[in-house]
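Each chain, written out:
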Amino acid sequence: MSDDLEAALTAQLAHTLDDTDFPGLGQRYRGKVRDVYRTGERLVVITTDRVSAFDHILGTVPFKGQILTEMAKAGFETTADILPNHVLDHPDPNVLVARPCRPYPVEFVVRGYITGSLWRDYQSGAAAAYELDFAADLKKDQRFARPILTPSTKAEQGAHDEPISKRAIVERGLMTAAQLEAAEAAALALYRRGVERAADRGLILVDTKYELGEDADGRLTVIDEIHTPDSSRYWRAESYPARFEAGQPQAMLDKENLRQWLIDTHGFSGHGPPPRLSDDIRVRLAARYAELYALMVGRPFTPQGGPVGARIHRNLRAAGLLADS
Ligand SMILES: Nc1ncnc2c1ncn2[C@@H]1O[C@H](COP(=O)(O)OP(=O)(O)OP(=O)(O)O)[C@@H](O)[C@H]1O
Ligand SMILES: [Mg+2]
């Protein structure tokens, strides 16, 4: 990382966006990463700088909310011909105004490779819950002949999402067979597009998670975020084959770095009290996000430092979303 970038990221450590409180925007729902304000006709989705891993919020990373929002916006724009998305407006680098949808109670995880939690579940036998008939001799990070859907339930706050099969989704009445079929086809098509875009930039979109729902007219719609480093794994394509053959870890440009740091440095994989992030790892993570941003958005990330919350307040007022006060 350049000295300039490191200085800008370090200076921003004191100004990250941890929390928002805009009662005038509507009813607040606080997700792990996003604060979502709802009125009848629109959502204001503010992506904070909070970072979560293993379903715990661990702290903040400089500029993460902006980088995620702008990457999601680019991802939505480049998939709009495949499926409608929830975006209405982008009044601030950290904010999307969105159409409220009824989210399906399932996360649509599409994977081109066996790694991460699926690799762990494959080894432990827990992957049987997907009812997918995995070959018995898969190697870590191996590419599947074709991408697969590994759905998971959306757990209540604090709980872990659980693997589930398509059969169980329908049997438990979470979705109808027709809804599920359309959602699966859409998720696979979105993933193919994400893979193409990543490949153009020398990256592999390893796997990714979609949230899908229905808008007020019952149209299938992609919501939340898309192809961001929070919802996706990205590897460098160039080094994939040699590293795979040698059984070495892939060159990761995503949150897996944080998961690895938590496991290696603190033995933390989701159980017990989460460790505090050091300033060093916060800056290093921010640099990763900035690097991926530059690749995927196609221009360098230029940090505009300063308090994020105050800027959002100004921009929401200018957009007429918040009354003057
Ligand atoms: N267009 C939309 N309509 C309805 N809900 C949406 C829409 N876009 C996003 N959401 C919801 O807003 C929330 C965004 O918050 P965030 O992404 O931080 O949550 P999360 O960490 O993924 O999950 P959790 O809500 O369990 O904390 C999610 O619950 C998501 O389902
Ligand atoms: Mg989410």
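In this text the structure is predicted, and so the values were computed from the model without any measurement.

Draft legend 1. Focus on the environment of Pro 274. Position of Pro 274 among the secondary structure elements: in the loop between α7 (256–266) and α8 (279–297). We classify Pro 274 as partly exposed; its relative accessible area is 33%. Sequence-wise, Pro 274 and Gln 142 are 132 residues apart; in three dimensions their C-alpha atoms are separated by 31 Å. Dropping the residues within four chain positions of it, Pro 274 is found in contact with His 56, Leu 58 and Phe 268.

Draft legend 2. Highlighting the site of ligand 1. Around ligand 1, the surrounding shell holds 17 residues, and the nearest of these are Tyr 29, Val 33, Arg 34, His 86 and Glu 211. Between ligand 1 and the protein, one listed contact pairs an oxygen atom with a backbone N or O atom of Val 33 at 2.8 Å. Contact with the protein chains removes 88% of the 610 Å² of surface that ligand 1 exposes when unbound. The leading source of residues in the shell around ligand 1 is strand β2 (residues 34–38), at 3 residues. Across the shell around ligand 1, the residue classes break down as 8 nonpolar, 2 polar and 7 charged.

Draft legend 3. Fine view of the pattern of salt bridges. Counted under the stated rule, the structure contains 26 salt bridges. Ionic pairing is found between Lys 209 and Glu 211, a salt bridge with its closest N-O pair at 3.7 Å. Two residues, Arg 284 and Asp 280, come together in a salt bridge whose shortest N-O distance is 3.2 Å. Of this pair, Arg 284 and Asp 280 both sit in helix α8, separated by 4 residues, roughly a single helical turn. Classification of Arg 284 by relative accessible area gives partly exposed; the value is 41%. Linked by salt bridges that have partners in common, Glu 107, Lys 154, Lys 209 and Glu 211 make up one network.

Draft legend 4. The environment of Thr 228, seen in detail. Mapped onto the elements of the fold, Thr 228 is located in the loop between β13 (220–223) and β14 (232–236). Each C-alpha atom of the pair Thr 228 and Lys 209 lies 9.4 Å from the other, and the pair is 19 residues apart in sequence. Leave out the neighbours within four places in its chain, and Thr 228 touches Leu 68, Ala 72 and Tyr 234. Of the polar contacts made by the side chain of Thr 228, one reaches the side chain of Glu 225; its length is 2.7 Å.

Draft legend 5. Main features of the packing of helix α1 (residues 3–12) against α8. Between α1 and α8, the shortest axis-to-axis distance is 10 Å and the interhelical angle comes to 120°. Comparing the axis directions of α1 and α8 gives the class oblique. The two elements α1 and α8 meet at a crossing, and its hand is right-handed. Residues Leu 5, Glu 6, Leu 9 and Thr 10 of α1 form the contact with α8, whose participating residues are Val 283, Ala 286, Ala 287 and Ala 290. Residues of the contact of α1 with α8, tallied by class, amount to 6 nonpolar, 1 polar and 1 charged.

How each quantity is defined
- Residues numbered from 1 in each chain as written.
- Chains lettered and ligands numbered in written order.
- Predicted model: local features only at pLDDT ≥ 70, side-chain atom pairs only at ≥ 80, totals over all residues.
- Heavy atoms only, no water.
- Helix = DSSP H or I, 4+ residues; strand = E, 2+ residues; numbered from the N terminus.
- Buried < 20%, exposed > 50% of the residue type's maximum accessible area, 1.4 Å probe, protein only.
- Contact = heavy atoms within 4.5 Å.
- Near = heavy atom within 4 Å.
- Polar contact = N/O pair within 3.5 Å; in protein donor to acceptor, adjacent residues only side chain to side chain.
- Areas by Shrake-Rupley, 256 points an atom, 1.4 Å probe, with all protein chains shown as cover.
- Nonpolar A, V, L, I, M, F, W, Y, C, P; charged D, E, K, R; others polar.
- Salt bridge = Lys/Arg side-chain N within 4 Å of Asp/Glu carboxyl O.
- Axes fitted to C-alpha atoms, helices over the stretch in contact; angles between N-to-C directions.
- Parallel < 35°, antiparallel > 145°, perpendicular 65-115°, else oblique.
- Left-handed = near helix turned anticlockwise from the far one by under 90°.

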